[in-house]
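Architecture and fold: a report
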Amino acid sequence: MLGTRSHLRELQELDTALRGGRSLAYVYDSGRADVQVAAAEAVAAYAGSNGLDPSAFPSLLRMENELVGFGCDLLDAPRSVVGTVTSGGTESIMLAVQAARDARPDVARPRMVLPETAHPSFLKAARYFGVEPVFTPVDRQFRAEVGAMAAAMDAHTVLAVASAPSYAHGVIDPVAWIAAAASAKRVPLHVDACIGGWILAYADQLGLVRPAWTFAVAGVSSISMDLHKYGYTPKGASLLLFRDAAGRRPSYFTTAQWPGYTMVNTTMSSTRPGGPVAGAWATVQALGDDGYRQLARECLDAVDRLARGIAEVPGLELVVAPDATLLALRTDGSCDVFTLADEMGERGWYVQPQMAWHGHPPTLHLTVSAATLPHVDDCLAALRSSVAAARAAGPARVDQGILALLDRLDPDTMSDRDFDGLLVAAGLAGPGPDSGAVEAVPLPQRMASISVLLDAAPPRLREVLTARYVERLYHPVRR
Ligand SMILES: *Cc1c(COP(=O)(O)O)cnc(C)c1O
């Protein structure tokens, strides 16, 4: 028993830190140890519980309804609003798209209109559910262009999408205008507030008013808002809210056409782990409105101070003024964000590079948590010295030979041999034992060498290369 626990702890040492406010992607740290302990206990207590059947686990039904009710209060929801607790933002979005498609059986070739900054989960939903994505451009501040969205909506459009805020740039789309355009065309609008919803709602309560994006906007049909981001709950929980029960109804799956019990699934899974629901409920109980308001204040304060501090770091600037708690940074070209991210890593900070996109240079993404506030000065100092180190090293470059190799690779016909050749040429793997085939690759110490290579590849090739690389990472460890 003890052996397993210490082994786990040793394994977890390999990971990005969950606590301490220095992980600026993937991790949301409230800094409230007591709340985190209560949540972990709730997850453990409910690890074996199954939300599949509310009659067998009425406590999970109760907790889910309370979580959805709490979300309703944050989102100016009229009494008609109903919702579902899902396993995460992607599931919330996939269900929203599937429900919108199935609400329109009259549309043979359904389409979805979305700004090109929308989260990839919409594209995933489009692929899984056979909905054609129609992308529309964003303005110079990376916000959706309303006119383009309005023009793209037609009789085949089953859903329009807006972000509050978008992940990559942290800006809020003009939801009220998009909603007006969608209403005029009788198209439902989904607001993706997965990452920012929780914090924006409390920012509003603090008087830091943002443009409207909740159910207060007529024409907003559904909203996704993750618990496991700025709800600071353990992973595996998100809210999906619909303006009325009729909107939610097609998201339920039901069948009596098998020999077992009559099945009704409210989410994509059937067996639904109780742990994340209980962990989320315990967190929301422990923090309450007062706790969340305080956390929002701390987080937004940290963002303000970081934004002002970054303006003073030579060689670094904000891509756009943040609407929420996400920052996108770019360099002046004297260094690159990939090396910068590695340098930050060496200084104990996890930050996330984002690749070049539509003619815009690569950026550095920072998701700020409440627990980052006490470390803002440290973060700025780390950024300053990382920029200096990255400048001294000079921008990471891809070897001419590799560039030529990339040029020859066709993403649609690339063989395993071709890919092995690239791995070996790039120094990412040695040739395999026999037949030269590379089976598994280790994670690199520094990511810049890989990132800069991927950044040099066109998007389609980048997708295929990354997927092939990840294939090699996920290789069985045999006894
Ligand atoms: C995180 C995120 C999602 C998807 O959520 P997951 O919980 O990662 O599945 C969707 N939209 C936005 C804007 C996000 O930041």
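Residues numbered from 1 in each chain as written. Predicted model: local features only at pLDDT ≥ 70, side-chain atom pairs only at ≥ 80, totals over all residues. Heavy atoms only, no water.

1. Digging into the overall build of the protein
When helices and strands are tallied, the protein shows 16 helices and 13 strands. Here the protein has a C-alpha radius of gyration of 23 Å; the compact-globule value for 479 residues is 23 Å, and the two agree. Considered along the principal axes of its C-alpha atoms, the protein spans approximately 60 × 60 × 50 Å. With 479 residues in all, the protein has 50% of them scored as buried. Within the protein, one finds 42 positive and 51 negative side-chain charges whose respective centroids are separated by 3 Å. (Helix = DSSP H or I, 4+ residues; strand = E, 2+ residues; numbered from the N terminus. Rg over C-alpha atoms; globule rule 2.2 N^0.38 Å. Buried < 20%, exposed > 50% of the residue type's maximum accessible area, 1.4 Å probe, protein only. Lys, Arg positive; Asp, Glu negative; His and termini not counted. Charge placed at Lys NZ, Arg CZ, Asp CG, Glu CD.)

2. Brief notes about the nonpolar core
Counting residues in each nonpolar core, the largest one holds 114 residues, and the members touching the most others are L189, W198 and L465. The greatest single-element share of this core, amounting to 14 residues, is contributed by helix α10 (residues 274-311). Structurally, this core is a two-domain feature, drawing no fewer than three residues from each of domain 1 (33-285) and domain 2 (400-473). Among all residues touching W198, those that are not within four sequence positions of it are F70, L74, M225, D226, L227, Y230, G231, L239, V284 and Y292. Counting residues in hydrophobic clusters, the runner-up holds 17 residues, among them A100, V107, F129 and V158. (Core = buried A, V, L, I, M, F, W, Y, C linked by side-chain atoms within 4.5 Å. Domains from an automatic or database assignment. Contact = heavy atoms within 4.5 Å.)

3. Overview of the site of the ligand
Of all residues adjacent to the ligand, which total 14 residues, the nearest are G89, T90, D192, H228 and K229. Within the side chain of D226, a nitrogen or oxygen atom sits 3.3 Å from an oxygen atom of the ligand. Summarising the interface, the protein chains cover 85% of the accessible area of the ligand, which totals 380 Å² for the free molecule. Of the residues forming the shell around the ligand, the biggest block, 3 residues, is contributed by helix α4 (residues 89-102). Here the residues of the shell around the ligand are counted per class, giving 5 nonpolar, 6 polar and 3 charged. (Near = heavy atom within 4 Å. Polar contact = N/O pair within 3.5 Å; in protein donor to acceptor, adjacent residues only side chain to side chain. Areas by Shrake-Rupley, 256 points an atom, 1.4 Å probe, with all protein chains shown as cover. Nonpolar A, V, L, I, M, F, W, Y, C, P; charged D, E, K, R; others polar.)

4. Side note on the sheet that holds strand β12 (residues 352-354)
Strand order across the open sheet formed by 4 strands is β10-β11-β13-β12, with antiparallel pairing between neighbours. Each having just a single partner strand, β10 (316-318) and β12 make up the two edges of the open sheet. Across this sheet, the average inter-strand angle for adjacent strands is 35°, counted without regard to direction. As defined by bridge partners, strand β11 (residues 326-331) adjoins strand β13 (residues 363-367) across 4 bridges and the pair is classed as antiparallel. Note that in β13 the partner of A328 across the bridge is H365. Together, β10, β11, β12 and β13 form the strand contacts of helix α11 (residues 337-346), whose direction differs from that of β13 by roughly 40°. (Pairing = 2+ DSSP bridges. Axes fitted to C-alpha atoms, helices over the stretch in contact; angles between N-to-C directions.)

5. Some thoughts on the domain arrangement of the protein
Here the protein is described as being made up of domain 1 (33-285) and domain 2 (400-473). Averaged C-alpha coordinates put domain 1 and domain 2 at centres separated by 36 Å.

6. Some details on helix α12 (residues 376-393)
Between the first and last C-alpha of α12 there are 25 Å, a value that for 18 residues agrees with the 26 Å anticipated at 1.5 Å per step. Buried residues of α12: V376, C379, L380, A382, L383, S386, V387 and A390, and no others. Relative to the axis of α12, the buried residues are bounded by an arc of 155° and lie together on one face. Residues of α12 that are exposed and angled more than 90 degrees away from the buried face: D377 and A392. Packing partners of the buried residues in α12 comprise α10, β10 and α11. G394 sits one or two residues past α12 and shows a positive phi near 80°. (Expected span 1.5 Å × (residues − 1). Arc of directions from axis to C-beta.)

7. So, the sheet that holds strand β2 (residues 111-115)
What holds strands together in a sheet is hydrogen bonding between their backbones, with the strands either parallel or antiparallel. Here we have 7 strands laid out as an open sheet, ordered β1-β7-β6-β5-β4-β2-β3, and mixed in their pairing. Strands at the two margins of the open sheet, each flanked by one partner only, are β1 (82-86) and β3 (132-136). Neighbour-to-neighbour, the strand axes of this sheet turn through a mean angle of 20°, independent of strand direction. Note: strand β4 (residues 157-163) against strand β5 (residues 189-192), 4 bridges, orientation parallel. Looking across to β5, one finds that A160 is bridged to L189. Strands β1, β6 (220-226) and β7 (238-242) of the sheet are contacted by helix α3 (residues 58-74), whose axis makes an angle of about 120° with β1.

8. Remarks on unusual backbone geometry
Of note, the amide linkage connecting A164 to P165 takes the cis form, showing an omega dihedral of -5°. One can find P165 in the loop between β4 and α7 (175-184). The backbone of R186 sits at a positive phi, close to 60°, despite the residue not being glycine. Here R186 is to be found in the loop between α7 and β5.

9. Regarding the pattern of salt bridges
Evaluation of the coordinates by the stated rule reveals 23 salt bridges. When the shortest N-O distance is used, the salt bridge between R104 and D106 registers 3.0 Å. Taking the relative accessible area as the measure of exposure, R104 reaches 24% and is therefore partly exposed. Given a relative accessible area of 57%, D106 falls into the exposed group. When the shortest N-O distance is used, the salt bridge between R446 and E346 registers 3.0 Å. (Salt bridge = Lys/Arg side-chain N within 4 Å of Asp/Glu carboxyl O.)

10. Some thoughts on the pairing of β5
Of the two faces of β5, the one carrying L189 and V191 and the one carrying H190 and D192 are both buried. Following the chain from β4 across α7 to the adjacent parallel β5, one finds a crossover that is right-handed. Pairing analysis gives 4 bridges linking β5 to β6, with the strands arranged parallel. When the bridges of β6 are listed, H190 appears paired with S222. (Right-handed = clockwise from strand over helix to strand, strands pointing away.)

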